[in-house]
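# Per-entry structural report
Now for the letters of each chain:
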Amino acid sequence: MRKMLFLWLLIPPASQAGWFDHTSDPVPDYRTKIITLENQVSAQHHTLDLWQIATGSLGIACAFLFILGTALGATTRKHYVRTRRMGHLSSVNGRQSQFMGEAAGGELEAPLAA
């Protein structure tokens, strides 16, 4: 009788405590959630890297076009000033310039001296 009482006191609490229940273990659920979140973060990181490459390339292209446009504008301005000093714009086919303030032929203004 003593043995029976002893077993009766030990077995029910141990069997009902949930220590041997494998379905209530949260570790696999957490592990799958962590893996899912790590995959999302790595995908976002990859997308961010692609955007950084795209914006960097666009910035370099804009800087290149700015330099090219500045050089082209300076060359055009030099050509315009050079042809104006030679009188090509003021007297075309022997006619007088139709713009006010623009000198014709030999009446070109001298550049200002500092």
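Here, the structure is the one placed above.
Residues numbered from 1 in each chain as written. Predicted model: local features only at pLDDT ≥ 70, side-chain atom pairs only at ≥ 80, totals over all residues. Heavy atoms only, no water.

### Digging into the overall build of the chain
- A count of helical and extended segments in the chain gives 2 helices and 0 strands.
- For the chain, the residues scored as buried account for 5% of the 114 residues in total.
- Summed over its atoms, the accessible surface of the chain is roughly 10,900 Å², and 67% of this surface lies on carbon and sulfur atoms. (Helix = DSSP H or I, 4+ residues; strand = E, 2+ residues; numbered from the N terminus. Buried < 20%, exposed > 50% of the residue type's maximum accessible area, 1.4 Å probe, protein only. Areas by Shrake-Rupley, 256 points an atom, 1.4 Å probe, with all protein chains shown as cover.)

### A closer look at a nonpolar patch on the surface
- Taken together, the side chains of Phe 64, Leu 65 and Leu 68 define a hydrophobic patch exposed on the protein surface, amounting to about 330 Å² of accessible area.
- One can find Leu 65 in helix 2 (residues 27-86). (Patch = residues over 30% accessible without salt bridge, like charges linked within 9 Å, V, L, I, M, F, W, Y side chains within 5 Å. Salt bridge = Lys/Arg side-chain N within 4 Å of Asp/Glu carboxyl O.)

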